[in-house]
2 protein chains.
Amino acid sequence: MQRLIEYIKMIKPKVDSYISKVLEGEPAKLYEAARHLPLKGGKRLRPALLILVARALGGEEEEAIPAAASVELLHNFTLVHDDIMDRDEMRRGVPTVHVLYGEPLAILAGDLLYAKAYEALLSTQKAPELVKKMTEYLTWAGVTVAEGQAMDMMFEERWDVSEDEYLEMIAKKTGALFGACGAIGALVAEKPEYAEKMREFGVILGKAFQIKDDILSLVGDEKVTGKPKYNDLREGKRTLLVIRALRSLPPEEAEELKRILSKEEKSLEELEKAASLIMKSKALDYALKVAEELENRAREILSEIEVVDKEAMDLINELLDFAVKREF
Amino acid sequence: MQRLIEYIKMIKPKVDSYISKVLEGEPAKLYEAARHLPLKGGKRLRPALLILVARALGGEEEEAIPAAASVELLHNFTLVHDDIMDRDEMRRGVPTVHVLYGEPLAILAGDLLYAKAYEALLSTQKAPELVKKMTEYLTWAGVTVAEGQAMDMMFEERWDVSEDEYLEMIAKKTGALFGACGAIGALVAEKPEYAEKMREFGVILGKAFQIKDDILSLVGDEKVTGKPKYNDLREGKRTLLVIRALRSLPPEEAEELKRILSKEEKSLEELEKAASLIMKSKALDYALKVAEELENRAREILSEIEVVDKEAMDLINELLDFAVKREF
């Protein structure tokens, strides 16, 4: 994955400088709040995917930059609002926007990031019918991510969430934006005939990515991930790990896990107990297996593409590796 | 204004049924929360303006409906988030979305309304270059409204807000979306050459509308307006009325007004005292005069338009009347 990491290092300043440019304005404090998260790190996987799809299908890196900035802005908009909804205080190793600027301005900063995602996308120098199609995909992602976040939130009140429901939820919450990256990348390359296929690819990649994210919340090193460990457990999220553990643990232990997840406030000891129950259930191996199956399906889709730039396609394959094997 | 009110009564079901259509989806609770405000009344002035501009310039009412639904959705998105930020509990005579559905789902419902505003606009059956331009105006409005709301919020911490600053703030907070209605209406009529002029008209109309809104918050009948009386005073807003009163009252009374506006909690007696100080200062007459000047400038712009549908243009003139003379 070294080449991918180096490639992202190379494109990051280009994407970030475009983001900086669209996030200039008045009043200063609003724009400061809006810039806080997007310019505070982040992996830039979504911009990378969009740019690499564009390149693989024959487009130029440069012409994909505004759209790449757009999907990163949309992603950051959802994070800013998500952190308010979940009352999360840290992200990317720094305090969240609402902690620093108060909730009202954080809501507005999120709204501004969303509007700016469209502004960036609309500045793409392509034929109007292509830009219009890009805007349709961005809109589809915006609608679908909101639906997925609402599902995620409503699952917290239910114990009978099925694996299929979970997979539908992450396809929306995380998959949709990766899907839009794939589709918009194809449109930047002026290959609208590939938009739907690359959207499908992106959704599957996004699902694998989210399952790995859930795993890292359980076993990751918070110094490496930048997110507080056990965050999902603390919020009582119904991840694939929890769903699987509840199904495979002996009834008494499943009840113990439910009891901890239901508590308003959870001690570190309780979180560790919950984590050890999940580990014992082998849900971790199961979740990794599901992620790998998704990875394989995604790789199949890639093999059906007529590739123009082979190097870019290699990097997309590395990105797929990274989604499942990363430690951050 | 009777003809205008009848015209709006006629188009409202068309716009609302389009809004209902785009607000169908899962999860049900999210869509229920999103539908709450837009289908709970509202004057539909923005859709009316957009449709009438389209008609006046030679477009058809029917083809303007998706765009009209779009601007109303954007408006409702800003209201849902605004009510959270201001902690307002009532609007249009019913509890606000966050009161009914909780804050997290209300934030998401607002986000969904914004995404759906794009979805509706993008369904307009016009050439891609026209639809792309419409999307640019909607985006400009989204960015500008957020800037205006942030200004409004930040003004609450300052006593030296000038009239010019106030006028800039309302041009953004309220004018921008009316401006987008004017511009998008021109584009629906396939008259892009009029888009900028109709945007300018809309911004001025929106400013007059907002000044009248501020006035109604002071002297309106809450049974007619649907909003709690003295809401602006309660939130310590720097309206034109307050700015003018602070400048023209004798120092002691100006201090008294500041003292009341600064209080975290204000009794009804204090609110009435503040209102009586503003009335005494003649700020009300002054604000009405400013609104009328804006009305006159807006009417001048209208006189420069080559009108195709005279009846529609008469109704736009009535809309301008209504903005300044309405009681709700």
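Data block above holds the structure.
Residues numbered from 1 in each chain as written. Chains lettered and ligands numbered in written order. Predicted model: local features only at pLDDT ≥ 70, side-chain atom pairs only at ≥ 80, totals over all residues. Heavy atoms only, no water.

1. Observations concerning the interface of chain A and chain B
Between chain A and chain B, the residue contacts involve 40 residues of the former and 40 residues of the latter. Contact between chain A and chain B buries roughly 3,400 Å² in total, counting both sides, with carbon and sulfur atoms accounting for 77%. A:R87 is paired through a salt bridge with B:E103; the nearest N and O atoms lie 4.0 Å apart. Between chain A and chain B we count four residue pairs in polar contact (both at pLDDT 80 or more) in total. Residue assignment for the side of chain A that touches chain B shows that the elements contributing at least two residues are helix 2 (28-36), helix 4 (61-86), helix 6 (103-122) and helix 7 (128-155) of chain A. Element by element, the count of residues in the side of chain A that touches chain B is highest for helix 7 of chain A, at 16 residues. Across the side of chain A that touches chain B, the residue classes break down as 23 nonpolar, five polar and twelve charged. (Contact = heavy atoms within 4.5 Å. Buried area = accessible area lost by both parts, 1.4 Å probe. Salt bridge = Lys/Arg side-chain N within 4 Å of Asp/Glu carboxyl O. Polar contact = N/O pair within 3.5 Å; in protein donor to acceptor, adjacent residues only side chain to side chain. Helix = DSSP H or I, 4+ residues; strand = E, 2+ residues; numbered from the N terminus. Nonpolar A, V, L, I, M, F, W, Y, C, P; charged D, E, K, R; others polar.)

2. As for the relation of the copies chain A and chain B
Here chain A sits on chain B after a turn of 180° about the axis and a move of 0.0 Å along it, with an RMSD of 0.0 Å. On the angle and the small slide along the axis, the relation comes out as a two-fold axis. When the interface residues of chain A are mapped onto chain B, 100% of them again fall at the interface, so both copies present the same face. (Least-squares fit on C-alpha atoms with pLDDT ≥ 70 in both.)

3. Comments concerning the environment of B:P228
Mapping B:P228 onto the fold places it in the loop between helix 10 (222-225) and helix 11 (231-234). Placed 64 residues apart in sequence, B:P228 and B:D164 show a C-alpha to C-alpha distance of 27 Å.

4. Focus: the packing of helix 3 (residues 45-56) of chain B against helix 9 (residues 195-219) of chain B
Residues and elements named next belong to chain B. Put simply, helix 3 and helix 9 touch, their axes get as near as 12 Å, and they point 150° apart. It follows that helix 3 is roughly antiparallel to helix 9 by the angle criterion. Considering how the two elements wind past one another, helix 3 and helix 9 form a crossing that is right-handed. For the pair helix 3 and helix 9, contact is made by L45, R46, L49 and V53 and by M198, F201, L205 and F209, respectively. (Axes fitted to C-alpha atoms, helices over the stretch in contact; angles between N-to-C directions. Parallel < 35°, antiparallel > 145°, perpendicular 65-115°, else oblique. Left-handed = near helix turned anticlockwise from the far one by under 90°.)

5. So, the nonpolar core
Core analysis: the largest hydrophobic core is formed by 253 residues, its most contacted members being A:I184, A:I211, B:I184 and B:I211. At 14 residues, helix 8 (residues 163-188) of chain B tops the list of elements feeding residues into this core. Setting aside its immediate chain neighbours within four residues, B:I184 contacts B:L50, B:A67, B:V71, B:L121, B:M134, B:Y137 and B:L138. (Core = buried A, V, L, I, M, F, W, Y, C linked by side-chain atoms within 4.5 Å. Buried < 20%, exposed > 50% of the residue type's maximum accessible area, 1.4 Å probe, protein only.)

6. Topic: helix 7 (residues 128-155) of chain B
Counted at 1.5 Å a residue, the expected span for helix 7 of chain B with its 28 residues is 40 Å, and the 40 Å between its end C-alpha atoms agrees. Buried residues dominate helix 7 of chain B, accounting for 22 of its 28 residues. (Expected span 1.5 Å × (residues − 1).)

7. Quick word on the environment of A:L122
Considering the arrangement of structural elements, one finds A:L122 in helix 6. Taking the C-alpha atoms as reference points, A:L122 and A:K212, 90 residues apart in sequence, are found 33 Å from one another. If sequence neighbours within four positions are ignored, A:L122 has contacts with A:V131, A:T135, B:K132, B:T135, B:E136 and B:T139.

8. Considering the pattern of salt bridges
Residue and element names in this part refer to chain A. Per the stated rule, a full pass over the model turns up 77 salt bridges over all chains. With a closest N to O distance of 4.0 Å, E72 and R92 form a salt bridge. Of this pair, E72 sits in helix 4 while R92 is found in the loop between strand 1 (90-91) and strand 2 (94-95), placing the two residues 20 residues apart along the sequence. A relative accessible area of 1% means that E72 is categorised as buried. Ionic pairing is found between R326 and D213, a salt bridge with its closest N-O pair at 3.1 Å. Of this pair, R326 sits in the segment after helix 16 (310-325) while D213 is found in helix 9 (residues 195-219), placing the two residues 113 residues apart along the sequence. When its relative accessible area of 1% is taken as the criterion, R326 is described as buried. A cluster of three or more residues bridged by salt bridges with shared partners is formed by D86, D152, E156, K173, E235 and K237.

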